[in-house]
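# Observations on the model geometry
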Amino acid sequence: MRQILLREGAKELTYEIRGIVKKAEQISKLGQQIYWENIGDPIQKHNKMPNWMKDIIIDLLRDNNTYGYCHSKGVLETREFLANETNQLGGAQITADDILFFNGLGDAISKLYQFIIPTSRVIGPSPAYSTHSSAEAAHANHHPITYKLDPDNNWYPDLEDLYLKVKYNPNIVSILIINPDNPTGMVYPKEILEKIVAIAKEFDLFLVSDEIYTNITYNGAESHPLATVIGDVPGIAMKGISKELPWPGARCGWIEYYNRDKDSEFDKLCNTLDDAKMIEVCSTKLPQLAIPRIFPDPRYKTYRKELNETIGKRSKVIADILGEIPQLKFNHTNGAFYNTIIFEEGVLKPHQKLKIANPEIAELVESKWITNDMALDKRFVYYLLAAKGVCVVPISSFCSDLQGFRVTLLEEDEDLLHEIFTNIKDALIEYFES
């Protein structure tokens with residue numbers, strides 16, 4: 001081409017969660033059955049939206065108003081409903097004008113980092129959720145800046161690590177929290193959130209809290225929304241319906257601005273995000289219309305409570321199967337529907353392998369997929385996929401120096417859940433002994 005087309009940051013836009021799908025599809029064509037544990041899609045795992053929710057959506061489809069544009073910021077009735085829900089928490093107080101809808105949180109994440117100047121950085125947790133870390137790194141034309149989540153302390157953040165990185169890097173303008181966390185399933189205790197707010201206040205930062213899983217907690221855990229702890233610090237909460245209704249195909253998420261009147265630069269960022277959405281006209285309208293009809297329905301709390309309890313039971317099944325393997329660091333998960341399992345240091349070796357029954361798949365993996373410079377957890381993930389058909393994601397791809405893999409807690413079939421994780425256990429034992 002006449003000129004170079006791509007900016008330097010474009011190479012940071014990687015997404016192993018879906019990238020592993022290409023490998024799985026290759027071996028599926030060669031006859032290997034695939035068990036999808038790579039992505040948090042409840043529908044793919046046969047979770048069904050309740051009929052009463054579907055009836056609400058069907059009624060909306062009969063209304064001609066559903067088919068037109070809505071306000072650029074989102075349906076006013078829905079924004080008023082959500083603002084009231086946040087205000088009832090007793091923390092930060094907002095109005096409908098402090099809410100902006102997007103076509104899923106991926107859209108919101110992309111827009112947020114797009115308009116922050118490249119030299120200003122947002123520090124996020126590691127292991128990192130790829131959509132955030134890739135978008136932040138792409139905007140900055142540099143690798144992500146992260147603070148450590150500690151697998152030896154329930155995956156809680158290393159606050160000293162966070163504090164020192166913020167203190168000695170004046171380019172950091174914001175701290176990202178993912179609560180409950182993806183990929184670890186950790187739920188931030190309130191006192192830790194308060195300490196992060198204090199760091200933001202000390203260094204004049206704004207906060208971003210991805211709360212897509214805020215209503216998906218179990219095993220006695222409780223998530224604390226940013227609005228309840230933020231005080232007078234500027235911040236943005238990111239929320240959506242894709243996981244908890246469940247309706248990921250709706251692509252419906254929103255952000256809430258807190259304390260935008262406390263800082264003029266932060267207010268400019270909020271205004272810019274509003275203006276960017278105005279250029280696009282509006283976000284998808286149907287799921288927005290459904291929110292103030294589904295959430296207040298008395299059946300909703302019962303639905304969510306029962307489903308959370310079910311996810312909690314699955315977390316315990318996985319813990320029973322994998323929790324006592326000595327070569328692993330295993331933490332019980334209490335939120336979202338993932339578990340990140342870490343290999344103890346030194347247990348992975350470059351010669352280890354699994355027996356692959358299909359010779360075509362074995363040839364593909366060992367001659368084309370496996371390389372000498374590959375992260376050792378990724379090597380295990382490829383062998384697990386090829387030998388057992390279980391598709392998981394390596395933790396080294398979550399912007400982490402740790403080695404391990406992420407699984408989901410979504411399998412609806414209890415017998416199949418046991419089979420999948422028993423296969424993972426058998427594969428781990430064989431791999432360590434090879």
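This text goes with the structure placed above it.
Read on for an overview of the structure.

Another point: the packing of helix α4 (residues 105–115) against helix α8 (residues 264–279). Contact geometry for α4 and α8: axes closest at 10 Å, N-to-C directions at 125°. One way to sum up the angle between α4 and α8 is to call them oblique. Considering the relative orientation of α4 and α8, their crossing is right-handed. Side by side, α4 and α8 meet where D107, K111, L112 and F115 of the first sit next to L269, T272, L273, A276 and K277 of the second. By residue class, the composition of the contact of α4 with α8 is 5 nonpolar, 1 polar and 3 charged.

Counted according to the given criterion, the structure contains 25 salt bridges. As a salt-bridge pair, K277 and D107 come within 3.2 Å of each other at their nearest N and O atoms. Placement of the pair is K277 in helix α8 and D107 in helix α4, with a sequence separation of 170 residues. A single burial state applies to K277 and to D107, both of which are buried. By sharing partners, the salt bridges in this structure join K73, D98, R260, D267 and D274 into a single network.

Here N308 is to be found in helix α10 (residues 298–322). Note on N308: relative accessible area 9%, which makes it buried. Within the structure, the side chain of N308 is placed 3.0 Å from the backbone oxygen of N215, a separation counted as a polar contact. Among all residues touching N308, those that are not within four sequence positions of it are N215, I216, T217 and Y218.

The strand order across the open sheet formed by 8 strands is β2-β9-β8-β7-β6-β3-β4-β5, and the pairing between neighbours is mixed. Since the sheet does not close on itself, it has two edges, and those belong to β2 (99–102) and β5 (156–157), each with one partner. The sheet contact formed by strand β3 (residues 121–126) and strand β4 (residues 146–150) spans 3 bridges and is parallel. Its bridge partner being in β4, G124 is matched across the sheet by T146.

This part takes up the layout of surface pockets. Quantified by volume, the largest pocket comes out at close to 930 Å³. Lining the largest pocket are 31 residues, with E85, T214, N215, E244 and Y300 positioned closest to its centre. Those elements that place two or more of their residues in the lining of the largest pocket are α3 (76–87), β8 (235–240), β9 (253–258) and α10. Here the lining of the largest pocket is composed, by residue class, of 11 nonpolar, 10 polar and 10 charged.

Bringing the pairing of β4 into the picture now. By the bridge criterion, 2 bridges tie β4 to β5 in an arrangement that is antiparallel. Directly across from L149, in β5, lies its bridge partner P157.

Bringing a negative patch on the surface into the picture now. Together, D413, E414, D415 and E419 give the surface a local cluster of negative charge. In this structure, E419 sits in helix α13 (residues 414–433).

Further remarks concern the packing of aromatic side chains. For the coordinates displayed, the defined rule picks out 15 aromatic pairs. Centroid distance Y163 to F203: 5.4 Å. Interplanar angle 65°. Geometry classified as edge-to-face. Of this pair, Y163 sits in helix α6 (residues 159–168) while F203 sits in the loop between α7 (190–202) and β7 (206–210); the two residues are 40 residues apart in sequence, bridging distant segments of the chain. Since its relative accessible area comes to 26%, Y163 is described here as partly exposed.

We now examine the nonpolar core. Formed by 79 residues in total, the largest nonpolar core has its most connected members in L322, F405, I424 and L428. With 8 residues, the single largest contributor to this core is α13. Setting aside residues up to four positions removed in sequence, I424 forms contacts with L322, L384, V390, F405 and V407. Formed by 62 residues, the second largest nonpolar core is a distinct cluster that contains I56, A250, I294 and I395.

Before going further, it helps to spend a moment on empty space enclosed by the protein. For the coordinates displayed, the defined rule picks out 2 cavities of 30 Å³ or more. Empty space within the largest cavity amounts to approximately 80 Å³. Those elements giving two or more residues to the lining of the largest cavity turn out to be β3 and α5 (130–140). Considering each element in turn, the lining of the largest cavity owes the most residues, 4 residues, to β3. Empty space within the second largest cavity amounts to approximately 60 Å³. Forming the boundary of the second largest cavity are P42, N47, K243, P246, R304, L307, I311, R314, F337, L410 and E412. Within the lining of the second largest cavity, the residues separate by chemical class into 6 nonpolar, 1 polar and 4 charged.

About the criteria used
Residues numbered from 1 in each chain as written. Predicted model: local features only at pLDDT ≥ 70, side-chain atom pairs only at ≥ 80, totals over all residues. Heavy atoms only, no water. Axes fitted to C-alpha atoms, helices over the stretch in contact; angles between N-to-C directions. Helix = DSSP H or I, 4+ residues; strand = E, 2+ residues; numbered from the N terminus. Parallel < 35°, antiparallel > 145°, perpendicular 65-115°, else oblique. Left-handed = near helix turned anticlockwise from the far one by under 90°. Contact = heavy atoms within 4.5 Å. Nonpolar A, V, L, I, M, F, W, Y, C, P; charged D, E, K, R; others polar. Salt bridge = Lys/Arg side-chain N within 4 Å of Asp/Glu carboxyl O. Buried < 20%, exposed > 50% of the residue type's maximum accessible area, 1.4 Å probe, protein only. Polar contact = N/O pair within 3.5 Å; in protein donor to acceptor, adjacent residues only side chain to side chain. Pairing = 2+ DSSP bridges. 1 Å grid on protein atoms, 1.4 Å probe; cavity = no way out; pocket = protein on both sides within 12 Å on 5 of 7 lines; lining within 4 Å. Points joined across faces, edges and corners; volume = space filled by probe spheres on them. Patch = residues over 30% accessible without salt bridge, like charges linked within 9 Å, V, L, I, M, F, W, Y side chains within 5 Å. Areas by Shrake-Rupley, 256 points an atom, 1.4 Å probe, with all protein chains shown as cover. Lys, Arg positive; Asp, Glu negative; His and termini not counted. Charge placed at Lys NZ, Arg CZ, Asp CG, Glu CD. Phe/Tyr/Trp six-rings, centres within 6.5 Å; stacked < 30°, edge-to-face > 60°. Core = buried A, V, L, I, M, F, W, Y, C linked by side-chain atoms within 4.5 Å.

On their own, these measurements won't tell you what the molecule is for.
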